[in-house]
Structures are given as structure tokens and as C-alpha cells.
Amino acid sequence: MTRRLEGRVALISGTGGGQGRAAALRFAADGAVIVGCDVNAEADAETLRLVAEAGGAMTTMVCDLGDPEGAAAWIARAVAEHDRIDILYNNASAARFGSIAELSVEDWRFTIRNELDLVFLSMKFAWPYLARQGGAIINVASTAGWQGSRGNGTAAHNATKGGVIALTRQAALEGAAHGVRANSISPGFIITPGTRAFVENPAVRAQLTSGIPLGRPGEPEDVVGMAAFLASDEAAFITGADFIIDGGTTAC
């Protein structure tokens, strides 16, 4: 690794597994000091152990970022520990699925809260500290923010991820004068703890990958590599952009 994030304080949400765990490991390897957050204390403790084992620096806490008090507490802890925030990586999310006709109002609101509200709240409370010396915001959106999903009942998820992309662009405009860059990443099908069972079934894997030109699902590292670049000075002239990482799926 290049240690291109040496000494920077990086807040990463959803560090209990999947892309969040991979991000914590990658950013720590690049020299960042990690402040994590997850609703699953046991899973997050394992990430903490892995980062320490690899020689990285990380603290974490259990918090619900969809609750304004939870988001504010996460930011406050990071500032109390380090007196600065250099990188905010909004990775955490949770969705419920169903078509427009079938999705309950409760499930719609759950998805809005846990995929869009939590991005806004973390950005809002971190903003004064990012603007103090400049910094980078990285929001995880999805290819669902760019296109519909046939037959998958992802109405709320499509809406939230489209919202994340739009919110990121607005943050880029508002942050430019303060040296704050904001970009989003839109992954396609990525192997996570929640999707691994599908890809381990050969028939299901073949069906899932049939529409991916590169012929395989993505790995968390495919996403966090882009995030590490966007957080670094190498991306100093990049803001307000969304980066699709889907093996070519949306090119079809």
C-alpha cells in the first residue's frame, strides 16, 4: 500500500462486515486512523481485531446512524478522540424490498431512514469539522440509483440510492468553497455476507453473473479501492461525481 492517507482521520460506517470491514482494513493499511460504527457490536469487534492484527489504528462504537442522536454521538466521539475529521465514508445501509404495489408504508420509511437519512445526518454533523480544514466525503450509492430492477421489488432502494447520488452532488457544490470534496460510488452486485450464500450456489451464481460482462460478481475490495483513491490527494480535482463499479452491467 502507498500510505497515501497517512495520519488522516477516517470515519467509516457499517464496519461490522462486508464493504465496511474491507474499507476499515484498506484505509488503515493506507495510513488512516479509523473511527468505525456499526449496530452489530460482535461483528464490529472482529473488524477491530483484524485491523489491530494488521497493525492499523481503529476505534469504534455501536450506534444507530438513522437516529439523529446516534449520528451526532458518533461524530462527537471522533472529534473528542482526534479533534478533526478528514474523511467521512458513509457505507452503512439497510433496506426492505417490495414493489410499489406491495411495499408497506412502514418498509418504505424504514428504507428511507436507513439508506438516505443516515447519510444526511452523518454529513450534517460532520460538516463543521470537515469544512474547518477541508476533507473528503464518500457516499455509497448503487446502480439501483441509475436504473430500475426488473421484478425485484426494489422501489424504496432505488429511490434512496438515487437520493444519495443527488445529495452527494449538492454536497460537492456546497463544500467546494470549504475544500470539501464529495463523491459517491455505485456498486453493482457485490459479494457480501448477505449475498455470499447466493454466489456459492453454482446455478444461482450463473444466473446472477449472466448479465455481468466481466463474468463475475464484485468483491468488497473492488469498491474500497476506488474509495481509497477518492479519499486521497490523487483525487484532488474530483468532486460531485458518481463512480459505477458493476463489471460493465449498466453498459449493456
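Everything below is about the structure shown above.
Residues numbered from 1 in each chain as written. Predicted model: local features only at pLDDT ≥ 70, side-chain atom pairs only at ≥ 80, totals over all residues. Heavy atoms only, no water.

## Points about the nonpolar core
Within soluble globular proteins, side chains that are nonpolar tend to cluster in buried spots.
Moving on, step 1. Counting residues in each nonpolar core, the largest one holds 29 residues, and the members touching the most others are Leu11, Trp74, Leu88 and Ile137.
Moving on, step 2. Ile137 has contacts with Leu88, Met123, Trp127, Leu130, Val180, Arg181, Ala182 and Asn183, leaving out every residue within four places of it along the chain.
Moving on, step 3. With 26 residues, the next largest nonpolar core counts Phe27, Ile34, Ile138 and Ala227 among its residues. (Core = buried A, V, L, I, M, F, W, Y, C linked by side-chain atoms within 4.5 Å. Buried < 20%, exposed > 50% of the residue type's maximum accessible area, 1.4 Å probe, protein only. Contact = heavy atoms within 4.5 Å.)

## Regarding the pairing of strand S1 (residues 9–13)
Moving on, step 1. Judged by how many residues are buried, S1 sits mostly within the fold: five of five residues are covered.
Moving on, step 2. Residues Val9, Leu11 and Ser13 of S1 are buried on one face, and the alternating residues Ala10 and Ile12, pointing to the opposite face, are buried as well.
Moving on, step 3. As paired strands, S1 and strand S2 (residues 33–38) are joined by five bridges and run parallel to one another. Bridge pairing links Val9 to Val33 in S2.
Moving on, step 4. Once the chain exits S1 it traverses helix H1 (residues 18–29) before rejoining the sheet at S2, and the crossover so formed is right-handed.
Moving on, step 5. By the bridge criterion, three bridges tie S1 to strand S4 (residues 87–90) in an arrangement that is parallel. Residue pairing for S4: Leu11 is matched across the bridge by Leu88. (Helix = DSSP H or I, 4+ residues; strand = E, 2+ residues; numbered from the N terminus. Pairing = 2+ DSSP bridges. Right-handed = clockwise from strand over helix to strand, strands pointing away.)

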